[in-house]
Amino acid sequence: MTNFSELNVSASIQKSLSRMGFEEATPIQEGTISFAKEGRDIIGQAQTGTGKTAAFGIPLIEKIDINNPAIQGLIIAPTRELAIQVSEELHKIGYDTRARILSVYGGQDIGRQIRALKNKPQIIVGTPGRILDHINRRTLKLDNVQTLVLDEADEMLNMGFIEDINTILENVPAERQTLLFSATMPGPIRKIAEKFMKDPEVVKIKSKEMTVENIEQFFVKSQEREKFDILSRLLNVHQPELAIVFGRTKRRVDELAHALSIRGYLAEGIHGDLSQAKRISVLRQFKENKIDVLVATDVAARGLDISGVTHVYNFDIPQDPESYVHRIGRTGRAGKSGKAITFVTPREMGYLRIVEETTKKRMTALQPPTADEALVGQQALAVEQLTELVEKNHLSDYRSMAEDLLAKHEAVDLVAAAIKSMTKEPDDTPIKITEERPLPQRGGRSGGGGSRGGRSNGGGGGYRGGRSSGGNSRGGERGGRGGERGGSRGERGGDRGRREGGGRREGGASQGGRTRAPRKRSED
Ligand SMILES: Nc1ncnc2c1ncn2[C@@H]1O[C@H](COP(=O)(O)OP(=O)(O)OP(=O)(O)O)[C@@H](O)[C@H]1O
Ligand SMILES: [Mg+2]
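Residues numbered from 1 in each chain as written. Chains lettered and ligands numbered in written order. Predicted model: local features only at pLDDT ≥ 70, side-chain atom pairs only at ≥ 80, totals over all residues. Heavy atoms only, no water.

Colleague: I'm lost on the packing of helix H5 (residues 110-117) against helix H6 (residues 128-137) in this one. Help?
Modeller: Describing two packed helices takes the angle between their axes plus the distance from one axis to the other. It is at 12 Å that the axes of H5 and H6 come closest, and there the two elements cross at 70°. Classified by the angle their axes make, H5 and H6 are roughly perpendicular. For the pair H5 and H6, the sense of crossing is right-handed. Contacts between H5 and H6 involve Ile110, Gln113, Ile114 and Leu117 from the first element and Arg130, Asp133, His134 and Arg137 from the second. Grouping the amino acids of the contact of H5 with H6 by side-chain chemistry returns three nonpolar, two polar and three charged. (Axes fitted to C-alpha atoms, helices over the stretch in contact; angles between N-to-C directions. Helix = DSSP H or I, 4+ residues; strand = E, 2+ residues; numbered from the N terminus. Parallel < 35°, antiparallel > 145°, perpendicular 65-115°, else oblique. Left-handed = near helix turned anticlockwise from the far one by under 90°. Contact = heavy atoms within 4.5 Å. Nonpolar A, V, L, I, M, F, W, Y, C, P; charged D, E, K, R; others polar.)

Colleague: Can you help me understand the sheet that holds strand E6 (residues 123-126) in this one?
Modeller: Two pairing modes exist for strands in a sheet, parallel and antiparallel, and in both the strands are linked by backbone hydrogen bonds. In space, the seven strands of this open sheet follow the order E5-E6-E4-E7-E8-E3-E9, with parallel pairing throughout. Because the sheet does not close on itself, it has two edges, and the strands there are strand E5 (101-104) and strand E9 (201-204). Strand-to-strand, the axes of this sheet are offset by a mean angle of 15°, without reference to chain direction. Pairing of strand E3 (residues 42-45) with strand E8 (residues 177-182), which is carried by four bridges, proceeds in the parallel orientation. The residue bridging Gly44 from the neighbouring strand is Phe181, located in E8. In the packing of helix H4 (residues 80-93) onto the sheet, the strands contacted are strand E4 (73-76), E5, E6 and strand E7 (147-151), and the crossing angle to E6 comes to about 150°. (Pairing = 2+ DSSP bridges.)

Colleague: Sorry if this is basic, but what is going on with the packing of H4 against helix H12 (residues 276-287) here?
Modeller: At their nearest, the axes of H4 and H12 sit 11 Å apart, and the two run at 60° to each other. Taken together, the axes of H4 and H12 are oblique relative to one another. The element H4 and its partner H12 pack so that their crossing is right-handed. Only Gln276, Arg279, Ile280 and Leu283 of H12 make contact with H4, whose side of the interface consists of Arg80, Glu81 and Ile84.

Colleague: Sorry, what's going on with the domain arrangement of the protein chain here?
Modeller: A common way to state how big an interface is: give the accessible area lost once the parts meet. As far as domains go, the protein chain holds domain 1 (2-204) and domain 2 (209-371). On a C-alpha basis, the centres of domain 1 and domain 2 stand 28 Å from each other. Each partner contributes to the interface: domain 1 provides 19 residues, whereas domain 2 provides 21 residues. Contact with domain 2 buries area across many residues of domain 1, yet Gln47, Thr48 and Glu81 alone supply 34% of it, more than any other trio. Between the two partners, domain 1 and domain 2, sit four salt bridges. The closest approach of N and O atoms between Arg302 and Glu152, which form a salt bridge, is 2.9 Å. (Domains from an automatic or database assignment. Buried area = accessible area lost by both parts, 1.4 Å probe. Salt bridge = Lys/Arg side-chain N within 4 Å of Asp/Glu carboxyl O.)

Colleague: Could you clarify how one ought to interpret a negative patch on the surface in this entry?
Modeller: Taken together, Glu6, Glu23, Glu24 and Glu30 make up a surface patch of like negative charges. Position of Glu23 among the secondary structure elements: in the loop between helix H1 (11-19) and strand E2 (24-25). Its relative accessible area of 68% is what places Glu23 among the exposed residues. (Patch = residues over 30% accessible without salt bridge, like charges linked within 9 Å, V, L, I, M, F, W, Y side chains within 5 Å. Areas by Shrake-Rupley, 256 points an atom, 1.4 Å probe, with all protein chains shown as cover. Lys, Arg positive; Asp, Glu negative; His and termini not counted. Charge placed at Lys NZ, Arg CZ, Asp CG, Glu CD. Buried < 20%, exposed > 50% of the residue type's maximum accessible area, 1.4 Å probe, protein only.)

Colleague: What should I look at first to understand the side chain of Asp151 in this one?
Modeller: Within the secondary structure, Asp151 sits in strand E7. No salt bridge is formed by the buried Asp151, whose closest oppositely charged neighbour, Lys52, lies at an N-O distance of 6.8 Å. Those residues in contact with Asp151, other than ones at most four positions away along the chain, are Phe56, Ile76, Ala77, Pro78, Leu82, Val86, Met156 and Phe181.

Colleague: What is the right way to read H1 from this model?
Modeller: Residues of H1 that are buried include every one of Ile13, Ser16 and Leu17, and no others. All buried residues of H1 lie within an arc of 100° about the axis, which places them on one face of the element. In H1, those exposed residues whose orientation departs by more than 90 degrees from the buried face are Ala11 and Ser18. Those residues of H1 hidden inside the fold are in contact with helix H3 (52-63) and H4. Of the residues flanking the end of H1, it is Gly21, one or two places downstream, whose phi is positive at about 85°. (Arc of directions from axis to C-beta.)

Colleague: Which parts of the structure should I look at to understand the site of ligand 1?
Modeller: Of all residues adjacent to ligand 1, which total 19 residues, the nearest are Glu24, Lys52, Thr53, Asp305 and Arg333. Backbone polar atom of Thr50 to an oxygen atom of ligand 1: 3.1 Å apart, as the coordinates give it. Separating an oxygen atom of ligand 1 from a backbone N or O atom of Gly51 is a distance of 3.2 Å. Within the complex, 87% of the 640 Å² of free accessible area of ligand 1 lies under protein. Its residues assigned to classes, the shell around ligand 1 comprises three nonpolar, nine polar and seven charged. When residues of the shell around ligand 1 are sorted by domain, at least three fall in each of domain 1 (2-204) and domain 2 (209-371). (Near = heavy atom within 4 Å. Polar contact = N/O pair within 3.5 Å; in protein donor to acceptor, adjacent residues only side chain to side chain.)

Colleague: How should the packing of aromatic side chains be read in this particular structure?
Modeller: To describe a pair of aromatic rings, one takes the distance between the centres and the angle between the planes. Applying the stated criterion across every chain yields a total of two aromatic pairs. Measuring from ring centre to ring centre gives 5.5 Å for Phe315 and Phe343, while their planes differ by 50°; the resulting arrangement is tilted. A residue pair is termed long-range when its members are at least 10 positions apart, and Phe315 in the loop between strand E14 (309-314) and helix H13 (321-328) and Phe343 in strand E15 (residues 338-344) qualify at 28 residues. Its end group placed over the ring of Phe315, Lys227 keeps NZ or CZ at 5.1 Å from the ring centre. Above the face of the Phe219 ring, Arg353 is positioned so that its terminal group lies 5.9 Å from the ring centre. (Phe/Tyr/Trp six-rings, centres within 6.5 Å; stacked < 30°, edge-to-face > 60°. Lys NZ or Arg CZ within 6 Å of the ring centre and 35° of its normal.)

Next comes the structure, spelled out in structure tokens:
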């Protein structure tokens, strides 16, 4: 364990870090801070929830010349919520140094951002689309940037973002420090990354598995139509403090959030078709425990750091292993424990094996709970609530009624009745969820994906390789998938686009009349 003074972190940053409760550096911080201070380019890879934000945030802030009004640091993140979160963490780290930090992202009034940019921020945290928008409007001058950070670097260099990143890079000096961070870094993507870095130091925190040890990982094999009832029962049995349920598409998320609400859970959905105000308010309610279950597309898969998330449910198995790693990494952060449960239909077992192959971790098969077990979970919750009420002891208004009752009935019967009345009987109101088509079977490579043998003969690698080769070389199996994947890819693309407030797909039509010549991206 190393403390921050041993890493020669400045006194003012150390002061901020101790205010944040950071006593010792995490391994990725220990591994990267010194290299970063030397000005080296870095590819930093470490498991989810292990402090990568501060690993780049500390050296970045330290390097800022507080008397220089120019933008000196640029951080690019894939989603608006993550850009906001990263800028908040940097604010905390830079509190005592007084570095000026501004976040710019789609869905927020651009006029307001332009005014804020006039206040000479020194670090910008933004999403690619909005950064490009400001570059084009000439409201963002990046010619003094000394440090460029790509958070969730593999995602940023993947097909959805790479063109935008390339365009942004054209506006940032070639003489700069480049820092790339992620929990996942597939080989082909790392190769793309190395092209625009100078002799990067690769700091990879060694671990047996790609996912953190303190996340217990399960899978539930079930038919598509059974999934929702099983999810309800699992929620009753697990009693999560906060849970995230990931669905594959926006429609899926809307339907699941609605269905969970009908069954009595405090659930809300988040995806890229919602207004930014709604997205922010849903996330705030979740952080404040006003919602227990957040239902989300992959828009919430990366980087978000919400304490109290004890369970992640993959209602739909993710399409690629990296997505799995990031989704389940929303729990088990900063040393806490968590559980991840992935639903898989029999046809999708091949995908499960690829995930296991990539993460080097087997998931445990979980038997769906019975209705009785779900009831026991609800009863346990009622007992917990009753105990809490007794401990809080705000009961004076009820004592005389209690004494009257005790004069007429056995104490044990009264308590039993109280528990019964507080138990929310598992609700089996019929719910209609539109069936998602299963992911296309992984034919040809691993014998339909079922066999363990198939796992090791390149299934995982091919899958990932195909993914990272961008949109151009998706031949064979992936091309064959295209049609079926179209719907959900569109969803993801849309999600991504709208995260940026528009996206290529939606083009100019949704942009409220501002004309754009053919551009690679949307305005916002
Ligand atoms: N040195 C430290 N001591 C204590 N807590 C820390 C330290 N560094 C970071 N943390 C806390 O750990 C949590 C996870 O950090 P962070 O979000 O940076 O993880 P990450 O590695 O970026 O994860 P992801 O891959 O999901 O983006 C945060 O709440 C952060 O404040
Ligand atoms: Mg992060």
